[in-house]
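# Observations on the model geometry
Spelled out, the chains give:
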Amino acid sequence: MLQTAPEQETPPFPAPGPQRGARRHRRVAAGAVEPRQLLTAFPDAVRKLHPRVMVRNPVMFVVEVGSVLTTLSALLAPSVFAWLISAWLWLTVVFANLAEAVAEGRGKAQAETLRRTRSTTVARRLRVWKVGFSPHDWEEQRVPASDLRPQDFVVVEAGGTVPGDGEVVEGVASVDESAITGESAPVIREAGGDRSGVTGGTTVLSDRIVVRITSRPGHTFLDRMISLVEGTTRQKTPNELALNILLASLTVIFILAVVSLQPMAGYAGAEQTITVLVALLVTLIPTTIGALLSAIGIAGMDRLVQRNVIALSGRAVEAAGDVNTLLLDKTGTITWGNRQAASFVPVKGVTRELLADAAQLASLADGTPEGRSIVALAQRHGIHHGDADFVHGRFVPFSAQTRMSGADFAYEGDFCRIRKGAAGAVLHWAEQRGAEIPVDARWIADSIAAGGGTPLLVAVEDREGTRVLGAVHLKDVVKPGIAQRFAELRAMGIRTVMVTGDNPLTAKAIAAEAGVDDYLAEATPEQKLARIREEQAGGNLVAMTGDGTNDAPALAQADVGVAMNTGTSAAKEAGNMVDLDSNPTKLIEIVEVGKQLLITRGALTTFSICNDVAKYFAIVPAMFGGVAGYEGLEKLNVMGLHSPTTAIASAIIFNALVIVALIPLALRGVRYAPSSAHALLRRNLGVYGVGGLVAPFAGIKLIDLLIQYVPGI
Ligand SMILES: Nc1ncnc2c1ncn2[C@@H]1O[C@H](COP(=O)(O)OP(=O)(O)OP(=O)(O)O)[C@@H](O)[C@H]1O
Ligand SMILES: [K+]
Ligand SMILES: [Mg+2]
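The written sequence of each chain sets the order in which its residues are numbered from 1. Written order determines the labels here, with chains lettered from A and ligands numbered from 1. It should be noted that, the model being predicted, local features are given only for residues of pLDDT at least 70 and side-chain atom pairs only at 80 or more, the latter also being counted only at that level, while totals for whole chains, interfaces and linings use all residues. Computation of side-chain values: all heavy atoms of the structure, hydrogens and water removed.

## Details of the overall build of the protein
Helix and strand content of the protein: 24 helices and 22 strands. Note on contacts: a residue pair qualifies if any of its non-hydrogen atoms lie within 4.5 Å across the two residues. Within the protein, contacts between residues at least 6 apart in sequence are counted, and of these 71% link residues at least 24 apart. Strands here are runs of E lasting at least two residues and helices are runs of H or I lasting at least four, both read from the DSSP assignment and numbered beginning at the N terminus.

Structure, rendered in structure tokens:
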């Protein structure tokens, strides 16, 4: 079984390895910052000097206020030293803004491209159109796409642009989604199944589909994507807020320390100027991390976009860094999702033709991929029922709760009910109607399931009573390479659980083939949700990937809910991330980006604080050098700096340059290789803690050597 892939309309599953993602036009060299980017972001950095913008960043706001004070003092009592300090304090603020502006600038170009996609489309809206009826009585109107409202129906034909987000309710078409995904291979979008979602701005390449619009104008996926890559809707994440509060508290403590220093210094006859006090404060407060914090967050979101994942909340990206359980649905996520009817297996005493006949009748109005493939397979057995056989009938649509579908209708003058569906559901239905269950019915279903296939039992009820006729064998194929990637997840400490609506035997077979750690079968949407709550109650941070409407509640509950872009709009609305490649193992990369974000933030915080401690040694001896009673401080001048003024100026210049030097690291992120949290912590404390302590000694000394030649200092 499972070795021959059906025609794969879905883009080929990205192979693990270095070539992954290389085909994306959008992917830029990871994290590289070109000097040109710094230049183009410069005007934005200056614009951000507005106090209303600056107050959002308490640390840098204090630096800005300090810059104003030193500038005033330089105007009142001009000196080379005062002007030098003022200038570099302003530069410090501008450099911080530059980091943020560069991070945002990367999204801007992308937003421009997306905006062009959104350009005005004319929609062909259908008036009066009833789902489930032959669409004879509707007419077409041409309206601007911006007039479309949820529940409108539009028709899109080959060559046309899908005017808004929605759900295909009729037809199958191949769609070019490259405008959104950057992926040029066309994908199939079809009514009924879990591949029904279409996105406004994409192009229909073949055939004709009817789409039910699901989004309001201005709130489409494309709109959300634009505001996301532009960073306009970015909100601080919980961790970022907490860190901001910590940094602000440190700043307040240092302000108090510096303010109380003046009377003490005055007492010793070493009263300090405003310029020196501000300089001392700025070297002490955590300016490095304060300047880079927001850029780190924006760059994290951006790194996900590079991987074709649209994260709708920064909180989800952070949570991804700590995820330890991943739940996935089976059909469409672990398997390709176009389950096709492969054969009819009748019970003893029933002919294959009778079974095929009943199965086709039960599927005529079933628009799911399963239903349509049954109709097609029966046709290959020479059975050709048409809509005419179904005029007086009522179609019973499939639902994830009943796990059945079918039809009630009059057939050759007689009433008849046919049901097809999951074995448990159909046997229960038949038993309730007094059927005697054929001994081989269960056996047939089990043997199909044990091979990884999905059995659909078919039963009829008519004047002669209720009988189970046999099974339809649905085949579905596990996406290649998936077992290996689940093993990678395991190495990262993430447990994978498959939650499927399918029966336990099929689930077991697919679970074994895909290499998941655990599985839950016959799960209703409520049970999928309950399973997530259970995991969360057990202290786990849970990610969920899914594509179906039956996954939506679980996707909404999960800490990280990744909807497949191929999925239904219900799934995409519910999740907090959308994977444009519809690749369930994308979670590996999402987790990496999340971890990288947390590590980068931690590393730069460590660096920043250690740095400030070291700078203290440069500036304090300079302030009190030669003051009677403070001779002991002279010993702290281990660097042998030229003079008090050059020492203070060097510290401020170094403080500003460090920000620029670290912008590339903040944007690229600290390298992440899977290892234990403990080892990571040790490594980062080593590199960024010790590095942070040592760097200022070298840097400040070097700057001091240079600026002692500045005349007048
Ligand atoms: N069109 C259909 N008509 C009748 N029964 C169906 C149809 N489609 C699926 N079923 C049955 O209902 C079961 C549950 O379907 P459901 O969509 O909830 O889960 P699933 O798609 O099999 O799994 P997953 O939740 O992993 O995507 C299927 O396993 C199958 O036995
Ligand atoms: K500082
Ligand atoms: Mg599904």
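## Here's the deal with the pairing of strand S21 (residues 560-564)
Between buried and exposed lies partly exposed: a residue is buried under 20% and exposed over 50% of the maximum accessible area for its type, with that area taken using a 1.4 Å probe on protein chains only. The buried fraction of S21 is high, at five of five residues. You can see the chain leave strand S20 (residues 542-546), run along helix H19 (residues 552-557) and come back into S21, and the turn it takes is right-handed. Note on pairing: DSSP must find at least two bridges between two strands before they are called paired. Judged from the three bridges that link them, S21 and strand S22 (residues 577-579) form a sheet pairing that is parallel. Counted as the bridge partner of Val562 is Met577 from S22. With the strands pointing away from the viewer, any crossover whose connection runs clockwise from the first strand over the helix to the second is right-handed. For the crossover from S21 across helix H20 (residues 569-574) to S22, the handedness is right-handed.

## Some thoughts on the UniProt feature "binding site: Mg(2+)" (unreviewed entry) in the protein
Those residues carrying the UniProt feature "binding site: Mg(2+)" (unreviewed entry) are Asp547 and Asp551 in this numbering. If near-sequence neighbours (up to four positions away) are discounted, Asp547 is found in contact with Asp194, Asp329, Thr331, Gly332, Thr333, Met564, Gly567, Thr568 and Ala571. Residue placement: Asp551 occurs in the loop between S20 and H19. Residue Asp551 is classed as buried on the basis of its relative accessible area of 0%. What Asp551 contacts, discounting residues up to four positions off in sequence, is Asp329, Lys528, Met544 and Gly546. Pairing of N or O atoms within 3.5 Å defines a polar contact, subject to two protein rules: one partner must be a possible hydrogen donor and the other a possible acceptor, and residues neighboring in sequence count only if both atoms are side-chain atoms. Within the structure, the side chain of Asp551 is placed 3.0 Å from the backbone nitrogen of Asp547, a separation counted as a polar contact. UniProt positions are given in the numbering used here, feature names are shortened, and annotations may be inferred rather than shown by experiment.

## Focus: the site of ligand 1
Residues in close proximity to ligand 1 total 23 residues, the closest being Lys330, Arg339, Asp366, Ser405 and Lys528. Taking Gly501, its main chain carries an N or O atom lying 3.1 Å from an oxygen atom of ligand 1. Coverage of ligand 1 by the protein amounts to 97% of the 610 Å² it exposes when considered alone. Those elements that provide at least two residues to the shell around ligand 1 are helix H11 (330-334), strand S14 (404-411), strand S15 (414-421) and strand S16 (454-462). Classes in brief: Ala, Val, Leu, Ile, Met, Phe, Trp, Tyr, Cys and Pro nonpolar; Asp, Glu, Lys and Arg charged; the others, Gly included, polar. Of the residues belonging to the shell around ligand 1, the class tally is six nonpolar, eight polar and nine charged. Here, proximity means that at least one heavy atom of the residue falls within 4 Å of the molecule or strand. Only the protein chains shown count as cover for residues, and all accessible areas are computed by the Shrake-Rupley method using a 1.4 Å probe.

## A short note on the coordination of the potassium ion (ligand 2)
Here the potassium ion (ligand 2) is held by the protein donor atoms Val282 (O), Thr283 (O), Ile285 (O), Thr287 (OG1), Asp612 (OD) and Asn655 (OD1), which lie 2.4 to 3.0 Å from it. The sequence motif formed by the donor residues of the potassium ion (ligand 2) is V-T-x1-I-x1-T-x324-D-x42-N. With Asp612 in helix H21 (residues 586-624) and Asn655 in helix H23 (residues 644-668), the pair connects residues that are 43 residues apart, well separated along the chain. Taken as a pair, Asp612 and Asn655 share a single burial class, namely buried. Only nitrogen, oxygen and sulfur atoms within 2.8 Å of the metal, or 3.2 Å for Na, K and Ca, are treated as donors, and water is left out, so sites may look incomplete.

## Points about the packing of helix H3 (residues 58-76) against helix H7 (residues 238-267)
A fitted line through C-alpha atoms serves as each axis, taken over the contacting stretch for helices, and the angle formed by two N-to-C directions is quoted from 0 to 180°. At a minimum axis distance of 8 Å, the contact between H3 and H7 shows a crossing angle of 35 degrees. Contacts from Pro58, Val59 and Val62 in H3 reach Asn244, Leu247, Ala248, Thr251 and Ile255 in H7. A breakdown of the residues in the contact of H3 with H7 according to their chemical character gives six nonpolar, two polar and no charged.

## Let's talk about the sheet that holds strand S6 (residues 187-190)
Pairing is antiparallel across the open sheet formed by three strands, whose spatial order is S6-S5-S8. Edge positions in the open sheet fall to S6 and strand S8 (203-204), since each of these has one partner strand only. As judged from the two bridges shared by strand S5 (residues 172-176) and S8, these two strands associate in the antiparallel manner. Bridge pairing links Val175 to Val204 in S8.

## Remarks on the pattern of salt bridges
Salt bridge, as used here, is a side-chain nitrogen of Lys or Arg placed within 4 Å of a carboxyl oxygen of Asp or Glu. Following the criterion strictly, the structure yields 34 salt bridges and no others. Here Arg463 and Asp414 are joined by a salt bridge, their closest N and O atoms 3.5 Å apart. With Arg463 in the loop between S16 and strand S17 (465-475) and Asp414 in strand S15, the pair connects residues that are 49 residues apart, well separated along the chain. With relative accessibility at 68%, the residue Arg463 sits in the exposed group. One network of salt bridges, with partners in common, ties together Arg394, Asp408, Arg417, Arg419, Arg433 and Glu461.

## Things to note about the UniProt feature "binding site: ATP" (unreviewed entry) in the protein
UniProt records the feature "binding site: ATP" (unreviewed entry) for Asp366, Glu370, Phe398, Ser399, Ala400, Gln401, Thr402, Arg403, Met404, Ser405 and Lys420 in the present numbering. Tracing the backbone shows Ala400 in the loop between strand S13 (394-396) and S14. If we ignore the near neighbours within four places in the chain, the residues touching Ala400 are Thr524, Pro525 and Asn550. Turning to its location among the elements, Met404 is positioned in strand S14.

## As for the nonpolar core
Only buried residues count toward a nonpolar core, which is a set of Ala, Val, Leu, Ile, Met, Phe, Trp, Tyr and Cys residues joined through side-chain atoms within 4.5 Å. Counting 121 residues, the largest nonpolar core has Leu292, Ile334 and Met577 as the members making the most contacts within it. Looking at this core element by element, the count peaks at 16 residues for helix H4 (residues 80-117). Setting aside residues up to four positions removed in sequence, Leu292 forms contacts with Ala99, Leu604, Ile659, Leu662, Ile663 and Ala666. Within the second largest apolar cluster, 41 residues are counted, among which are Ile374, Ile448, Leu457 and Val458.

## Re the packing of H4 against helix H6 (residues 221-230)
Relative orientation of the contacting elements H4 and H6 amounts to 160 degrees, with a least axis distance of 7 Å. Taken together, the axes of H4 and H6 lie roughly antiparallel to each other. For H4 against H6, the interelement crossing comes out left-handed. Residues Glu104, Gly107, Lys108, Gln110, Ala111, Leu114, Arg115 and Thr117 of H4 pack against Leu222, Met225, Ile226, Val229 and Glu230 of H6. For the contact of H4 with H6, the per-class residue count stands at six nonpolar, three polar and four charged. Here is the rule for angles: anything less than 35 degrees is roughly parallel, anything more than 145 is roughly antiparallel, 65 through 115 is roughly perpendicular, and the remaining ranges are oblique. The hand of a helix crossing depends on one turn: near helix anticlockwise from the far one by less than a right angle means left-handed, and clockwise means right-handed.

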